[in-house]
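The primary structure of each chain is shown beneath.
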Amino acid sequence: SSNQMWGGRFASGPDAIMEAINASIGFDKRLARQDIEGSRAHAAMLGATGILTDSDVEAIREGLLTVLSEIEAGSFTFRADLEDIHMNVENRLRELIGDAAGRLHTARSRNDQVALDFRLWVRDQLDALEGALTALMSAYVAQAEAGADMVMPGFTHLQTAQPVTWGHHMLAYVEMFARDRSRVRDARARMNESPLGAAALAGTSFPIDRHMTAQALGFDRPSANSLDAVSDRDFALEFLSVASICATHLSRFAEELVIWSSAQFRFVTLSDRFSTGSSIMPQKKNPDAAELVRAKVGRINGALVGLLTVMKGLPLTYSKDMQEDKEQVFDAADSLMLALAAMEGMVRDMTPRAENLRAAAGSGFSTATDLADWLVRTLDMPFREAHHVTGTLVRMAEDRGCDLPDLSLEDMRSVNAGITQGVFEVLGVDNSVASRASYGGTSPAGVRAQVARWKEDLA
Ligand code: ARG
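Just so you know, these numbers come straight off a predicted model, no measurement behind them.

Conventions used here
Residues numbered from 1 in each chain as written. Predicted model: local features only at pLDDT ≥ 70, side-chain atom pairs only at ≥ 80, totals over all residues. Heavy atoms only, no water. Phe/Tyr/Trp six-rings, centres within 6.5 Å; stacked < 30°, edge-to-face > 60°. Helix = DSSP H or I, 4+ residues; strand = E, 2+ residues; numbered from the N terminus. Buried < 20%, exposed > 50% of the residue type's maximum accessible area, 1.4 Å probe, protein only. Lys NZ or Arg CZ within 6 Å of the ring centre and 35° of its normal. UniProt positions renumbered as here; feature names shortened; annotations may be inferred. Polar contact = N/O pair within 3.5 Å; in protein donor to acceptor, adjacent residues only side chain to side chain. Contact = heavy atoms within 4.5 Å. Core = buried A, V, L, I, M, F, W, Y, C linked by side-chain atoms within 4.5 Å.

Asker: Tell me about the packing of aromatic side chains, residues and numbers included.
Answerer: Here the structure, examined in full by the defined rule, presents 15 aromatic pairs. Plain terms: the ring middles of Tyr-140 and Tyr-173 are 5.6 Å apart, the flat faces sit at 15° to each other, and that makes the pair stacked. With a gap of 33 residues between them, Tyr-140 in helix α7 (residues 110–146) and Tyr-173 in helix α8 (residues 166–191) connect regions that are remote in the sequence. In this pair, the class of Tyr-140 matches that of Tyr-173, namely buried. Among the aromatic residues, those joined into a cluster by ring pairs are Tyr-140, Phe-155, Trp-166, Tyr-173, Phe-177, Phe-253, Trp-260, Phe-265 and Phe-267. Taking the ring centre of Phe-330 as reference, the NZ or CZ of Arg-30 above it sits at 4.8 Å. Directly above the ring of Phe-118 sits Lys-326, whose terminal nitrogen or CZ lies 5.8 Å from the centroid.

Asker: Break down the UniProt feature "domain: Fumarate lyase N-terminal" (unreviewed entry) in the protein for me, with residues and values.
Answerer: Taking the UniProt record as the reference, the feature "domain: Fumarate lyase N-terminal" (unreviewed entry) is found at residues 8–302. Helix makes up 62% of residues 8–302 and strand 6%. Its end C-alpha atoms lie 41 Å apart.

Asker: Break down the UniProt feature "domain: Argininosuccinate lyase C-terminal" (unreviewed entry) in the protein for me, citing the residues and quoting the values.
Answerer: This chain's UniProt record puts "domain: Argininosuccinate lyase C-terminal" (unreviewed entry) on residues 365–434. This span, residues 365–434, is 67% helix and 0% strand, and a straight line between its end C-alpha atoms measures 17 Å.

Asker: Tell me about the side chain of Arg-119, and name the residues and values.
Answerer: By the secondary structure assignment, Arg-119 is in helix α7. Separated by 2.7 Å, the side chain of Arg-119 and the backbone oxygen of Met-191 make a polar contact. Apart from the residues lying within four places of it in its own chain, the contact partners of Arg-119 are Met-191, Glu-193, Pro-195, Phe-219, Asp-232 and Phe-235.

Asker: Residues and numbers for the nonpolar core, please.
Answerer: Of all hydrophobic cores here, the largest spans 102 residues; its most connected members are Tyr-140, Phe-253 and Met-343. Here this core gets 16 residues from one element, more than from any other, and that element is helix α11 (residues 234–260). Once residues lying within four places of it in the same chain are set aside, the contact partners of Met-343 are Leu-136, Tyr-140, Leu-250, Phe-253, Ala-254, Leu-257 and Val-293. Residues Phe-365, Trp-374, Leu-407 and Ile-419 belong to the second largest nonpolar core, which totals 22 residues.

Dropping the structure here:
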């Protein structure tokens, strides 16, 4: 049978394969709410501008509400032969209200309609993402507050570098997720223009009011160029780039959790709620949630590259290629929201193992820099020379199988006669972190100040 939307031009209906490759209803049904919201705004505008009669507009309004309630109740039948959400909704509207349904599409095309629906969906998702990021940030801040002066090793190259505080490490992630949140806000502000009324690509000869629909749908303004409006998917690409960067941050902490929860590190205990066991090895408690968060970045980055590749080289304006935008975004959004929720749970529930962290913080000559700084401060030694003296002492300690504070004053003096008993004060990890009071440094006082700043921000 020929299509009821464009059947006039066609002698036969589509091949089954054509229907299979063409239909998007399997996934774009997720745009149902946005589609109906957009249609309601469009119909109200068509009434206000006198393009449709009040009675048609009223019938459309009521009909759309019925369709929405059917979809929400799960009683709506989605049909693949009706291709997409737009035609499924319109078809049902016609069943409900008859001819007036056919007037809804006046001065509109599926090209501006889908651009609108998808934009509304992504905008909602950005708002949800902002909320999830805020919740995750609070979880890290709570950990930072509890462990403001808990010492742990800081690493470079995953080799012991200098002692830091647990609180400082937690707050590093708060900074990352705060930047993600700021990127979410930027993206939202930039995408908040309404494509509705661009029609197929060139605008319309009907006296529509695009400012009215833009305002009704919460947009800052209508988009200024109809060709751009129907062919732009920057908002989806930006969402995916924000998502990829955020997922990258998640994956870095997930990796740290995998390492830290191992029997070799024993820095942190993950809660049973976010761990799994083994079917053969009774002792196992595996950090599966952390591993899956670490992996999710793969498909999220994949979605970004996938959509960039779809959009690359597309001539203006709409091409059906662009129907391939949605699954990438839906999958990335679902993956990211789940990963954020899992990470928030893990961060809230995890227990840092203070004793092990402290022991590790003091090993591996972690206060060698403190010793060198002491030589500079106390003996007025140039830093390069202090570095050399300290290096010699590290080698001595290493040869003896001990740490720096285990060397005697005599040992130290054999390398530099100016060294006095006072040096031992800077070799302890608590002194080390307390001394790093430069702005943004790891000192407990600095961490507490930052915790206070974040608590105010997140309140
Ligand atoms: N299902 C289509 C999509 O997702 C809707 C727009 C179709 N427009 C068209 N001219 N065929 O992109």
